[in-house]
Protein chains: 2
Amino acid sequence: MTDELTMERVLGAAARLVGVARRTPVLTSATLDLRCGAPIVLKAELFQRTGSFKFRGAYNRLSVLDPAQRAAGVVAFSSGNHGAAVALAARLLRISAVVVVPANGSRAKLAAIEGYGAELRRYDPATESREEVAAAIAADRGLTLIRPFDDYDVMAGQGTIGVELADQAPDVELVLVPVGGGGLAAGVSTAITGLMPGAAVIGVEPAAASDTAQSMRAGHRVTIPEPDTIADGLRATEPGEKTFAVNSRLLKDVVTVTEDAVVDAMRFCFERLKIVVEPSGAVPLAAVLSGAVGAAGRTAVVLLGGNIAPADFAAYVAR
Amino acid sequence: MTDELTMERVLGAAARLVGVARRTPVLTSATLDLRCGAPIVLKAELFQRTGSFKFRGAYNRLSVLDPAQRAAGVVAFSSGNHGAAVALAARLLRISAVVVVPANGSRAKLAAIEGYGAELRRYDPATESREEVAAAIAADRGLTLIRPFDDYDVMAGQGTIGVELADQAPDVELVLVPVGGGGLAAGVSTAITGLMPGAAVIGVEPAAASDTAQSMRAGHRVTIPEPDTIADGLRATEPGEKTFAVNSRLLKDVVTVTEDAVVDAMRFCFERLKIVVEPSGAVPLAAVLSGAVGAAGRTAVVLLGGNIAPADFAAYVAR
């Protein structure tokens, strides 16, 4: 297989994930359609294993390790969804995993990663770089580093969301995806372009983390300061090299939403849909609820996950 | 049709609800199975229209009104799920509806009932009886009173949950249902007895509202003082006459759970399943999570709804 993101690579990932990842449901709501002026289909990745879409990419990536790499094990850096995803995927494949986490990370999130059987390596965010810590562990112990997004097999795994959408909602005209590092956007836009060429894919970012939107306008990767947004899964400071090459070609546009619009979308999910969506997961829904994207025809919206600390969720929905 | 609760009556309700009520999904969780030591299937009525199972019974009841009754309209008393259910069912069937609500009721709940198009009639709980207010309106204006549970067509509508379960989880050995007035329990136990005679149905009540559990032991309907429980949908002071006749025959047992166990179950749903369950809805799950019921084989648990004020939900999950 050539080293690029192709439809075949996404379909290969889909085959590997059968019976392992959940085929997440699509949800609809008459109230939502009324609010948006168009039929909306929500792809509920909050019901994915580990509570977010990240499991798809992590499992696919670990599945293509060669026997020597499997025997040696893997390392990842993440305080959140990617860490949990790598930990569970490794456990299912009987591969040992180290996850590099901030020493001041959320106790619940670190407990989840440890609960899936990974070894935690804490670092001090004030004095250490997680990339360097992970690279040093990888070199020392001969582990394979599992990148969170800038990896074709990770991207292909995330793209299986698009494969399922093509079957669950074949008549959509528009697909809204969140953009952080860009792995989900690249995977899904590849799948949608291949399977539903008539549908447009638009990326959505928090206004405070608009690195990909800015990069699209500039025509090259732009680096922004550390973003201040509640959407903690989308705090990238620049698009990935590989993801941007795909996204700049396949995304019709990248739009941004305010923090208030994200909280409104989370509260809508709580009150009307009875589902728990984390801030990053509510970003694309915020675009269509706030009017940042005008939904004309049938529109699919990816809700990327539901992992959020109880106190944070309480503060957002009850404010 | 004779005036009793039969399997035929439940199947008639199921036919009327096709394309109107949602066929709610069943959810599973590996973590839940591990915690309970048995495979658990959750029937997610929080995804039902209006956010609770009550829509099934209300729509079925309103569907069997004769033309003169339809033209005159209906009245119901409820501050919560039954009120919203009657309001939406009436709107869909183009019937006018009055809902008698406490003047001090939750603004959000009253707004929901009004939003579905019902006329609100506020009463003062300190000085008026809602039953008397509703009866007076019914007599004055020639309206049909839609009882919340002690009505065979309401019970038959709730029983369609059991019809769907028989199809979605035909291999369950045990079904756990919440018991308030007993309408859901009577409908579901009738359906399960008819379609899955090998499965047992057990009712679950908050310990603070154990009117049906006490009545089962006594062999007749027992009245208890106004219960103090967070499960506001299950605050009945005595079983219904018609519902108890069915439940005392068809329920294998009625068990109780503590308030803490209910909150734990709500938090489990939030953290692991990413769904919003109201306190009443979490009562049967609390039974299996707390060990009040030992699940030996495959067990279905009915989650009755997800309607709860944001501040209340925040207080429970973040406490």
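None of these values were measured; they are calculated from a predicted model. (Residues numbered from 1 in each chain as written. Chains lettered and ligands numbered in written order. Predicted model: local features only at pLDDT ≥ 70, side-chain atom pairs only at ≥ 80, totals over all residues. Heavy atoms only, no water.)

Further remarks concern the overall build of chain A. In terms of regular secondary structure, chain A is built from 14 helices and 10 strands. Here the C-alpha radius of gyration of chain A, 18 Å, is about what a compact globule of 319 residues would show, namely 20 Å. Referenced to the eigenvectors of the C-alpha coordinate spread, the extents of chain A come out at roughly 55 × 45 × 40 Å. Out of the 319 residues in chain A, the part that is buried amounts to 62%. Put simply, 73% of the contacts in chain A that link residues at least 6 apart link residues at least 24 apart. Accessible surface for chain A amounts to roughly 12,000 Å². Of this, 48% is attributable to carbon and sulfur atoms. (Helix = DSSP H or I, 4+ residues; strand = E, 2+ residues; numbered from the N terminus. Rg over C-alpha atoms; globule rule 2.2 N^0.38 Å. Buried < 20%, exposed > 50% of the residue type's maximum accessible area, 1.4 Å probe, protein only. Contact = heavy atoms within 4.5 Å. Areas by Shrake-Rupley, 256 points an atom, 1.4 Å probe, with all protein chains shown as cover.)

Turning to the pairing of strand E5 (residues 119–123) of chain B, a few remarks are in order. Residues and elements named next belong to chain B. As paired strands, strand E4 (residues 97–102) and E5 are joined by 5 bridges and run parallel to one another. Bridge pairing links Pro102 to Tyr123 in E5. Following the backbone out of E4, through helix H6 (residues 107–115) and into the adjacent parallel E5, one traces a crossover that is right-handed. (Pairing = 2+ DSSP bridges. Right-handed = clockwise from strand over helix to strand, strands pointing away.)

Another point: the domain arrangement of chain A. Residue and element names in this part refer to chain A. As far as domains go, chain A holds domain 1 (7–53 + 151–318) and domain 2 (55–145). Every contact between the two is made by 27 residues of domain 1 and, on the other side, 15 residues of domain 2. Between domain 1 and domain 2, a total of about 1,700 Å² is buried, with carbon and sulfur atoms accounting for 54% of that surface. At the boundary of domain 1 and domain 2, one finds 4 salt bridges. Here Lys109 and Asp232 are joined by a salt bridge, their closest N and O atoms 3.2 Å apart. (Domains from an automatic or database assignment. Buried area = accessible area lost by both parts, 1.4 Å probe. Salt bridge = Lys/Arg side-chain N within 4 Å of Asp/Glu carboxyl O.)

Residue-level contacts link 24 residues of chain A with 24 residues of chain B. Summing both partners gives a buried area of about 1,700 Å² for chain A against chain B, and 65% of it is carried by carbon and sulfur. Broken down residue by residue, the surface that chain A buries against chain B is led by Phe270, Lys274 and Pro310 of chain A, which jointly contribute 37%. Remark: the boundary between chain A and chain B carries 0 salt bridges. Counting across the interface, chain A meets chain B through 8 residue pairs in polar contact (both at pLDDT 80 or more). Among the secondary structure elements, those contributing two or more residues to the side of chain A that touches chain B are helix H12 (259–273) and helix H14 (310–318) of chain A. Broken down by element, the residue count for the side of chain A that touches chain B peaks at 6 residues, all from H14 of chain A. (Polar contact = N/O pair within 3.5 Å; in protein donor to acceptor, adjacent residues only side chain to side chain.)

In the predicted model, chain A carries a mean pLDDT of 96, and the fraction of residues at 70 or more is 99%. The ipTM for the predicted assembly is 0.92, set against a pTM of 0.94. (pLDDT = per-residue confidence, 0-100.)

Turning to the sheet that holds strand E7 (residues 174–178) of chain B, a few remarks are in order. Residue and element names in this part refer to chain B. Read from one edge to the other, the open sheet built from 6 strands follows the order E1-E2-E10-E7-E8-E9, with strand pairing classed as mixed. Each having just a single partner strand, strand E1 (26–27) and strand E9 (253–257) make up the two edges of the open sheet. Across 5 bridges, strand E2 (residues 40–44) lies against strand E10 (residues 299–303) in parallel orientation. When the sheet's bridge partners are listed, Lys43 is paired in E10 with Val302.

Right, let's talk about the packing of helix H1 (residues 7–17) of chain B against helix H3 (residues 54–63) of chain B for a bit. Residues and elements named next belong to chain B. In the contact formed by H1 and H3, the axes pass within 10 Å of each other and the chain directions differ by 95°. By the criterion of interaxial angle, the relationship of H1 to H3 is roughly perpendicular. Contacts from Ala13, Arg16 and Leu17 in H1 reach Arg56, Tyr59, Asn60 and Ser63 in H3. By residue class, the composition of the contact of H1 with H3 is 3 nonpolar, 2 polar and 2 charged. (Axes fitted to C-alpha atoms, helices over the stretch in contact; angles between N-to-C directions. Parallel < 35°, antiparallel > 145°, perpendicular 65-115°, else oblique. Nonpolar A, V, L, I, M, F, W, Y, C, P; charged D, E, K, R; others polar.)

The subject of this paragraph is the sheet that holds strand E7 (residues 174–178) of chain A. All names here are of chain A. Here 6 strands make up an open sheet; going across it, the order is E1-E2-E10-E7-E8-E9 and the pairing mixed. Lying at the two open borders of the sheet, with one neighbouring strand each, are strand E1 (26–27) and strand E9 (253–257). Packing against the sheet, helix H9 (residues 183–195) makes contact with E7, strand E8 (200–206) and strand E10 (299–303), and its axis sits at approximately 160° to E7. Seen against the sheet, helix H13 (residues 279–290) touches strand E2 (40–44), E7, E8, E9 and E10 and runs at an angle of roughly 150° to E10.

What follows is about the nonpolar core. Within the largest apolar cluster, 140 residues are counted, with the highest numbers of intra-cluster contacts made by Ile275 and Leu285 of chain A together with Ile275 and Leu285 of chain B. Apart from residues no more than four positions distant in its own chain, Leu285 of chain A is found in contact with Leu32, Leu42, Ala265, Cys269, Val301 and Leu303 of chain A. (Core = buried A, V, L, I, M, F, W, Y, C linked by side-chain atoms within 4.5 Å.)

With that out of the way, let us pick up the pattern of salt bridges. This structure, assessed with the given rule, holds 28 salt bridges over all chains. Here Asp253 of chain B ties to Arg217 of chain B by a salt bridge, and the two come within 3.7 Å at their closest N and O atoms. Of this pair, Asp253 of chain B sits in strand E9 while Arg217 of chain B sits in helix H10 (residues 211–218), and the two are 36 residues apart along the sequence. With relative accessibility at 58%, the residue Arg217 of chain B sits in the exposed group. One continuous salt-bridge network, built from bridges that share partners, spans Lys43, Glu45, Arg56 and Glu164 of chain A.

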